[in-house]
Amino acid sequence: MKQIGNRAEVIPRRLLLVIALCLVLGAFTRAATLGVVNPKPTLILVSIDGFHADYLARYKPPNLIALSRGGVRARWMTPSYPSLTFPNHYTVATGLHPQNHGIVGNDIYDPASGDSFSLSDRDAVRDTRWWGGEPIWVTAEKQGQRAGAYFFPGTEAEIGGVRPTYWKTYDEKVPNFERVDTALSWLDLPAERRPAFLTLYFSDVDHAGHEASPHSTEVAQAIATVDAAIGRLIDGLKSRGVYEQVNIIIVSDHGMASVNPAHITLLDNYFDVKKAVRIVWGAQVTHIFPKPGEEEAIHRSLKGRRLGHARCYRKRDIPARFHYRDNPRIGPILCMADEGWRMMSRRRYEDDRQKGKIPDHTIGAHGYD
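Rules behind the numbers
Residues numbered from 1 in each chain as written. Predicted model: local features only at pLDDT ≥ 70, side-chain atom pairs only at ≥ 80, totals over all residues. Heavy atoms only, no water. Helix = DSSP H or I, 4+ residues; strand = E, 2+ residues; numbered from the N terminus. Polar contact = N/O pair within 3.5 Å; in protein donor to acceptor, adjacent residues only side chain to side chain. Phe/Tyr/Trp six-rings, centres within 6.5 Å; stacked < 30°, edge-to-face > 60°. Buried < 20%, exposed > 50% of the residue type's maximum accessible area, 1.4 Å probe, protein only. Lys NZ or Arg CZ within 6 Å of the ring centre and 35° of its normal. Pairing = 2+ DSSP bridges. Core = buried A, V, L, I, M, F, W, Y, C linked by side-chain atoms within 4.5 Å.

Draft legend 1. Fine view of the side chain of S216. Within the element layout of this structure, S216 appears in the loop between α9 (204–212) and α10 (217–239). A polar contact of 2.8 Å, which involves the side chain of S216, links it to the backbone oxygen of S213.

Draft legend 2. Broad picture of the packing of aromatic side chains. Summed over all chains, the structure comprises 16 aromatic pairs. With a centroid separation of 4.9 Å and an interplanar angle of 75°, the aromatic rings of Y109 and F289 are classed as edge-to-face. In this pair, Y109 sits in strand β4 (residues 107–110) while F289 sits in strand β13 (residues 285–290), placing the two residues 180 residues apart along the sequence. Assessed through its relative accessible area of 5%, F289 is described here as buried. Relative to W131, the ring of F117 lies with its centre 6.0 Å away and its plane at 80°, an arrangement referred to as edge-to-face. With a gap of 14 residues between them, F117 in strand β5 (residues 115–118) and W131 in the loop between α6 (122–125) and α7 (136–142) connect regions that are remote in the sequence. In terms of burial, F117 and W131 fall into one category: buried. Among the aromatic residues, those joined into a ring-pair cluster are Y150, F151, Y166, Y170, W186 and Y201. Directly above the aromatic system of Y243 lies the positively charged group of K238, at a separation of 4.9 Å from the ring centroid.

Draft legend 3. A look at the pairing of strand β12 (residues 276–280). Relative to β13, β12 runs antiparallel, the two being bridged by four bridges. Bridge assignment links I279 to a residue of β13, and that residue is I288. The hairpin turn running from β12 into β13, its antiparallel successor, is four residues long.

Draft legend 4. Representation of the nonpolar core. Judged by nonpolar contacts, the single largest core of 40 residues is most densely connected at V46, L200, I230, L233 and L237. Elements with a contribution of two residues or more to this core: β2 (42–48), α2 (55–59), α3 (62–70), α8 (176–187), β8 (197–202), α9, α10 and β9 (246–251). At nine residues, α10 tops the list of elements feeding residues into this core. Counting residues in each nonpolar core, the second largest holds 35 residues, with Y81, W137, V138 and F197 among its members.

Right under this line is the structure:
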């Protein structure tokens, strides 16, 4: 099975995620004494979306703390750029930068085909064309292992002609305990059907961070909810006598920054949007695809004016440390909001304001440097 912990050859000297608790929970040699039917090494990869690096110390979730003390804990992890959900989850799965695996954002425009991708578009999410590289569940299946995924970006698509043996269509309404119990039930299957690699995904912390900011009672409650699901997973493994034969890796995809909702840069105040074929708007990252011959004019407009709290780059000038230049799905002009700020079009801003969608309290966001 392909390693996912060692990225040194692909992403030198960088940690990919905001937080990782890498837990080796026992030696496989004890399997025979426990009477385990299928003692092959098993890996469970758990993602807690939006879990900031300091949440362990700040909120002290007991099950996560106990696991970290019994295993290995990274002090922090650095996400790939942009620090968004789909790019970083697929980086975890493949070991590749977004520019190399092709999932360069949660919303993507492909100039070669003229097609668009959105994480909420089920047809696009399952479209093989968007997904490059080889994720770990595909590697496992190719090596004769079975994989089971209870949510994880990419697991709904056929990649390299392969899907996980067991997978679910994403539905955020499915209770966390049901996700855990289903994953555990896959471990109850006969040896020839039992997966050796599983994923679990929890979105509670990310949602709470967006709605109420990282420093909120809502985030504290969301962490407690997810921690209870981790506890249920541990109890389920112990009751089955396989706790000592399972490796668990708990990761996040990015952190969360506090944002004053009034801190908005109206980006289309600074250039003529009619000069663009497509603009992929993002509050933290916006891609501009100019019409033929208009790139210089757009860049000059953005470079020559004060944008407030945003910076725009031609693709070739994007900082090299982002590893975010070499893919046609990255706009020829890329604009990045400063941390704590958001970018919008004037139309979107006016529409949100009229509908009362501009919050009057601190919120949270990610996607920044």
